[in-house]
Amino acid sequence: MYRKALDELKEWKASSGRKPLILKGARQVGKTWLMKEFGKEYYKKTFYFSFDKEQSLHEIFKENKDPYRIIESLGTISEDKILPEEHLIIFDEIQECPEALNTLKYFNEDANQYHIIAAGSLLGTLLAQPMSYPVGKVNILNIYPMDFEEFLNALAPGLYKYIIETPPEEILKIQHDKLIDQYRNYLIVGGMPSCVYSWMTEKNSGIVLKLQKELLELYENDISKHSGKINAGRILLVFRSLVSQLSKENEKFIYGCVKHGARAREFEEAIEWLVSSGLVIRIYDVTKPEHPLKAFEDLSSFKLFYFDVGLAKCAAEVTNEAIILNKDFQFKGPLTENYTVQQLRTLFDTVPHYYSPDRNYEVDFLIQNGMQIIPVECKAGGNVTSASFKRYRKENIPKFAVRLSTLEYKTQEDMVNIPLYLTGQIKKLAEYIQNI
């Protein structure tokens, strides 16, 4: 299965400013596969070391910090000589050996000719701690679940090629319908590589559901085992409240929905742990829809989404029938928004925000594309009217405004209707329209 991150790894390899690389991302998003596949395709040989499976490796890094002695020891263990530039060194589950993580500093300073990629489970929570890794001495690449385009390329490469090569206004109705069907399949399967591979080979949604339940159980076990000084029970309470939080008419995170009488100070660290682990996506409200959005964040007003829409669907216990037959159900809107935010965060340098200045006035997403602010309305069903979105366009007159829906692509006065399956094309379309 093709992953877009392979292109970023190729850029890292060729970069004059290359440093040891750390892959961040939730468990089971495909980090190990990416590293091995990259090594197989672009290096003469790959040396793979797992600090979880090979406990004896820890002693090498505890005894010295000299990168050349470390390379010599690793080569001896592998019964081969590790060559600079030509070979790739992989440190997997590096969180199990903090000494190895800190050694990356010395590789950057004294032996940067050796190409090193490191990854690990829940590494984001470790990197979020002050002085826990060599700041400024490593490159970091975020790895996410497969986006819709990667899913489509795996399941229907002909359709993927079609949407890449065909101008959106020229997509035929028959192809549009096929793409909407694939979009609905993605809501069911999501982007976790094991689930996508199972669906690709078995076409059995029951097996996919079983895998999703196992993944959710795995993450809850991780919370219990690896929460460190943060109360694991509170993290679990927040994680288990996501469905009810998103099911409210106002999806803003409410501490009282986690536990009656709960206060922010009780659960702030739990939320930070979930965000750092990669298990949830947090988007903030802004007080002004202006560049830079981060300067106008309301830190007390935010929403939390699952990092994968398939897991959101599983956790909410939405039936496949409801999605495939396009029926109305309580979680339909939030599921569509979860899909959207999952796609958008891989496209732009900043995480999406939302805008809710009044009680009955809210714009689903604001995207910062350079200095441009793009408002995005997300519609799951056939009713695509929105008084809030209309008001926003009238008051702010954005050059590019997007409504995502299951309708075909259409330019309508001061906005563009983009089919949900083309969410990954928003950045390209924004730049095209801005240059007209």
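One structure accompanies this document, and this report is about it. Computed from a predicted structure; not experimentally measured.

1. Some points on the sheet that holds strand β1 (residues 21–24)
Consideration 1: Taken in spatial order, the 5 strands line up as β2-β3-β4-β1-β5 in an open sheet, and their pairing is parallel. One side of each edge strand has no neighbouring strand; the edge strands of this open sheet are β2 (45–50) and β5 (139–142). Taking each pair of neighbouring strands and ignoring which way they run, the sheet shows an average axis angle of 20 degrees.
Consideration 2: As paired elements, β1 and β5 share 4 bridges and run parallel to each other. The partner of Ile 22 across the bridge, within β5, is Ile 140.
Consideration 3: Contacts from helix α2 (residues 31–42) reach β1, β2, β3 (87–92) and β4 (115–119) within the one sheet, and its direction differs from that of β3 by about 170 degrees.
Consideration 4: Packing against the sheet, helix α5 (residues 98–110) makes contact with β1, β3 and β4, and its axis sits at approximately 155 degrees to β4.

2. A word on the pairing of strand β6 (residues 280–286)
Consideration 1: Counting buried positions along β6 yields 7 of 7 residues, so the element is predominantly enclosed.
Consideration 2: Sheet topology places β6 next to strand β7 (residues 297–306); 7 bridges connect them, and they run antiparallel. Bridging from a neighbouring strand, Tyr 284 pairs with Phe 302 of β7.

3. Regarding the pattern of salt bridges
Consideration 1: In this structure the tally under the stated criterion is 22 salt bridges.
Consideration 2: One salt bridge connects Arg 282 with Glu 272, and the closest N-O pair in it is separated by 2.8 Å. A residue pair is termed long-range when its members are at least 10 positions apart, and Arg 282 in strand β6 and Glu 272 in helix α14 (residues 264–277) qualify at 10 residues.
Consideration 3: A salt bridge links Glu 377 to Lys 379; the nearest nitrogen and oxygen atoms lie 3.7 Å apart.
Consideration 4: A relative accessible area of 5% places Glu 377 in the buried class.

4. Some points on the packing of helix α7 (residues 148–155) against helix α8 (residues 157–165)
Consideration 1: Axis separation between α7 and α8 bottoms out at 5 Å; the angle between their running directions is 135 degrees. Judged by the angle between their axes, α7 and α8 are oblique. Each of Glu 149, Leu 152, Asn 153, Ala 154 and Leu 155 in α7 lies in contact with α8, whose residues at this interface are Pro 157, Leu 159, Tyr 160, Ile 163 and Ile 164.
Consideration 2: Taken together, the residues of the contact of α7 with α8 sort by class into 8 nonpolar, 1 polar and 1 charged.

5. Concerning unusual backbone geometry
Consideration 1: Cis rather than trans, the peptide bond between His 291 and Pro 292 has omega equal to -5 degrees.
Consideration 2: Structurally, the position occupied by Pro 292 is in the loop between β6 and β7.
Consideration 3: Not every positive phi belongs to a glycine, and Glu 79 is a case in point at roughly 60 degrees.
Consideration 4: Not every positive phi belongs to a glycine, and Glu 413 is a case in point at roughly 50 degrees.
Consideration 5: For Glu 413, a relative accessible area of 83% translates into the label exposed.

6. Looking at empty space enclosed by the protein
Consideration 1: A full pass over the atoms with the stated rule returns 2 cavities of 30 Å³ or more.
Consideration 2: Of the pockets and cavities examined, the largest cavity occupies roughly 110 Å³.
Consideration 3: In terms of lining residues, the largest cavity is bounded by 14 residues, among which Tyr 183, Leu 187, Asn 326, Lys 332 and Ala 380 are the most central.
Consideration 4: Elements with a minimum of two residues in the lining of the largest cavity: α9 (173–189), α16 (320–324) and α17 (332–344).
Consideration 5: A class-by-class count of the residues in the lining of the largest cavity yields 8 nonpolar, 3 polar and 3 charged.
Consideration 6: Lys 4, Asp 147, Phe 148, Glu 149, Tyr 339, Gln 343, Thr 346, Leu 347, Tyr 421, Thr 423 and Gly 424 are the residues that line the second largest cavity.
Consideration 7: Elements that contribute at least two residues to the lining of the second largest cavity include exactly α7 and α17.
Consideration 8: When the residues that make up the lining of the second largest cavity are grouped by side-chain class, the tally is 4 nonpolar, 4 polar and 3 charged.

Criteria and thresholds
Residues numbered from 1 in each chain as written. Predicted model: local features only at pLDDT ≥ 70, side-chain atom pairs only at ≥ 80, totals over all residues. Heavy atoms only, no water. Pairing = 2+ DSSP bridges. Helix = DSSP H or I, 4+ residues; strand = E, 2+ residues; numbered from the N terminus. Axes fitted to C-alpha atoms, helices over the stretch in contact; angles between N-to-C directions. Contact = heavy atoms within 4.5 Å. Buried < 20%, exposed > 50% of the residue type's maximum accessible area, 1.4 Å probe, protein only. Salt bridge = Lys/Arg side-chain N within 4 Å of Asp/Glu carboxyl O. Parallel < 35°, antiparallel > 145°, perpendicular 65-115°, else oblique. Nonpolar A, V, L, I, M, F, W, Y, C, P; charged D, E, K, R; others polar. 1 Å grid on protein atoms, 1.4 Å probe; cavity = no way out; pocket = protein on both sides within 12 Å on 5 of 7 lines; lining within 4 Å. Points joined across faces, edges and corners; volume = space filled by probe spheres on them.

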